[in-house]
Structure formats: structure tokens, C-alpha cells
Amino acid sequence: MFKQKYVIIICCVFCFSAYAQDISPSVFAKLNGFRNKSFKENGFYDIQLGFGLFSDFWIAPKLAFKHNNGALNDASVFTETTEEQLRTNYTGNLVSVGTKIRLTKPEDVWLFFWPEYSFGNFKYTSSYFKTENNPARLQLQESVNYKNQQDYFDFALGLEGYLDFDQRFLISAYLVYTTLDLRQDFDQLSFTQTGQRPIPEKNSSLGIGVSLEYHFSKK
């Protein structure tokens, strides 16, 4: 049932795209960064590579492969003689289906809205370290993994324009909000040698993104 639902969504998006006025195949790359204090360097990110088979100026359905990555802040506990630490990260490999909707007329730059639905597999890894004999050196005691499927929405709003006179290259910058929430999956990472667990905040965050798109025919 999980897979069937997503196949139906993909088919609906690309059937709808057949109503586009101009067939304009394209490929694109996206990079999104999100701010979250639970993660190292206060954030996490995803990258995408995708394509569109049909589009007109106003509506452009997209299909893409997405890779997610993030690492939680190290969780450390100190006593008089020892230090304990958890190091936790995740990766995700997903398929994304979305539609870029232009909101203003084509001029030098224009406003767009890009809702996107992503689904796929996430892998979580957490390692437990503890000082032994030498308090200055942490040694690996145990490592645990967990895998699960996730689906969520992203919503982007930004500005876009052509890079060249032939109108083949498009570049955009935008604000993006993700509904991704991995807290329940992180909670599955439990150890036999310690009661510590990763405790992240909710992933749902506001971020910024950029995309570059190339059209094989003029718009």
C-alpha cells in the first residue's frame, strides 16, 4: 500500500502536466539548508537532482531524487572520573514530486511557489563513547542503527530569473519550510550499555535554498 500510494501521486502529477502549452524538458539541481539548534552547525540540509518533462511558464511539474543528511549535536555527560558521549546522524534517500507555480508575469525576475512531496527511506546511526583508563580519550562502546520510511512536504516561495538571453538557464533563490519530523525515529535508538538517547528538537524548520535549471528548448 505504501508504494502504490506514491505511484498514483507520481502518475497524477505527470498526467496533469500533459495539459501544458509547451513541451519543454528540463533538468535541475537544488540545495536546501535548514536551521535547527539540535544539529551540528545549527542545521541540516538536502540536495536534489531532477527533471521536468512538460511545462509552460505558469506550471512546471517536477520529479527528483533527494538526499538528506544531518548530524545531531554531540550529547555529553561528565562525572568526576569519566565522560560519556553520543554521536548521532541520519541520511535519507527519497523521491520528490512537486510543481513549480509561477505567481507573477515573466519579466527580469518573477515570484514562484513550489510545493513538494517527498517519500523514501531514512537510516539513523548513533554511537556511544566512554572514557576508559585515560580520561582524555573517548573509546567506542556501542553503535546502533535504525531504518524507517518517511514522507513529508516542503513549501518554497522565492524569486527566479533567466541567466542567459536564450532563456535556457533558470536560477532561483527562495525560503523553504519543511514539515519533516524525525523525533520518533531518533527515539528508537537505544543502547544496552547506557540509558542515554538522542533528544532532538522537531525538524520542522524554515530554511533557504537555491536551484539551477536547464531547459533543452526555449521557453
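Above this text you will find the structure in question.
Description of the structure in this document. (Residues numbered from 1 in each chain as written. Predicted model: local features only at pLDDT ≥ 70, side-chain atom pairs only at ≥ 80, totals over all residues. Heavy atoms only, no water.)

1. What to know about empty space enclosed by the protein
- Summed over all chains, the structure comprises one cavity of 30 Å³ or more.
- Of the volumes computed, that of the largest cavity is approximately 30 Å³.
- Around the largest cavity, the lining residues are Phe34, Phe44, Tyr45, Asp46, Asn68, Tyr90, Tyr152, Thr178 and Leu180.
- The element that contributes the greatest number of residues to the lining of the largest cavity is strand E2 (residues 43-52), accounting for three residues. (1 Å grid on protein atoms, 1.4 Å probe; cavity = no way out; pocket = protein on both sides within 12 Å on 5 of 7 lines; lining within 4 Å. Points joined across faces, edges and corners; volume = space filled by probe spheres on them. Helix = DSSP H or I, 4+ residues; strand = E, 2+ residues; numbered from the N terminus.)

2. A short note on the nonpolar core
- Membership of the largest hydrophobic core comes to 24 residues, with the highest contact counts inside it found for Phe44, Tyr90, Phe122, Tyr124, Leu180, Leu182 and Phe186.
- Listing elements by their share of this core, those giving two or more residues are strand E1 (26-35), strand E5 (83-102), strand E6 (110-131), strand E7 (138-162) and strand E8 (169-178).
- Setting aside its immediate chain neighbours within four residues, Phe122 contacts Asn68, Tyr90, Thr91, Gly92, Leu94, Tyr146, Lys147, Asn148, Gln150, Tyr152, Leu180 and Leu182. (Core = buried A, V, L, I, M, F, W, Y, C linked by side-chain atoms within 4.5 Å. Buried < 20%, exposed > 50% of the residue type's maximum accessible area, 1.4 Å probe, protein only. Contact = heavy atoms within 4.5 Å.)

3. Focus on unusual backbone geometry
- The residue Glu41 is not glycine, and still its phi comes out positive at about 60°.
- As for its position among the elements, Glu41 is in the loop between E1 and E2.
- A relative accessible area of 83% places Glu41 in the exposed class.
- In the Ramachandran plot, Asn42 falls in the positive-phi region, its phi being about 60° despite a non-glycine side chain.
- Mapping Asn42 onto the fold places it in the loop between E1 and E2.
- Under the relative-accessibility criterion, Asn42 is labelled partly exposed at 35%.

4. Thoughts on the layout of surface pockets
- Within this model, the largest pocket holds a volume of roughly 160 Å³.
- Surrounding the largest pocket, Gly33, Phe34, Lys40, Glu41, Gly43, Phe44, Tyr45, Asn69, Gly70 and Ala71 form its lining.
- Those elements that place two or more of their residues in the lining of the largest pocket are E1, E2 and strand E3 (59-71).

5. Quick notes on the pattern of salt bridges
- A complete count under the given rule lists ten salt bridges for this structure.
- One salt bridge in this structure joins Asp74 and Lys40, with 3.4 Å as the shortest N-O distance. Taken as a pair, Asp74 in the loop between E3 and strand E4 (75-78) and Lys40 in the loop between E1 and E2 lie far apart in primary sequence, 34 residues in all.
- Looking at Asp74, the relative accessible area reads 33%, which means it is partly exposed.
- A salt bridge links Arg197 to Asp187; its shortest N-O distance comes to 3.4 Å. (Salt bridge = Lys/Arg side-chain N within 4 Å of Asp/Glu carboxyl O.)

6. Points about the pairing of E8
- The two faces of E8 differ: Leu170, Ser172, Tyr174, Val176 and Thr178 on one face are buried, but Phe169, Ile171, Ala173, Leu175 and Tyr177 on the other face are not.
- Relative to E8, E7 runs antiparallel, the two sharing nine bridges. In the sheet register, Phe155 faces E8, and the bridge partner there is Tyr177.
- The antiparallel hairpin formed by E7 and E8 contains six residues in its connecting segment, where Gln167 sits at a positive phi of about 60°.
- Bridging between E8 and strand E9 (residues 205-215) involves ten bridges; their strand directions are antiparallel. Bridging across to E9, Val176 finds its partner in Gly207. (Pairing = 2+ DSSP bridges.)

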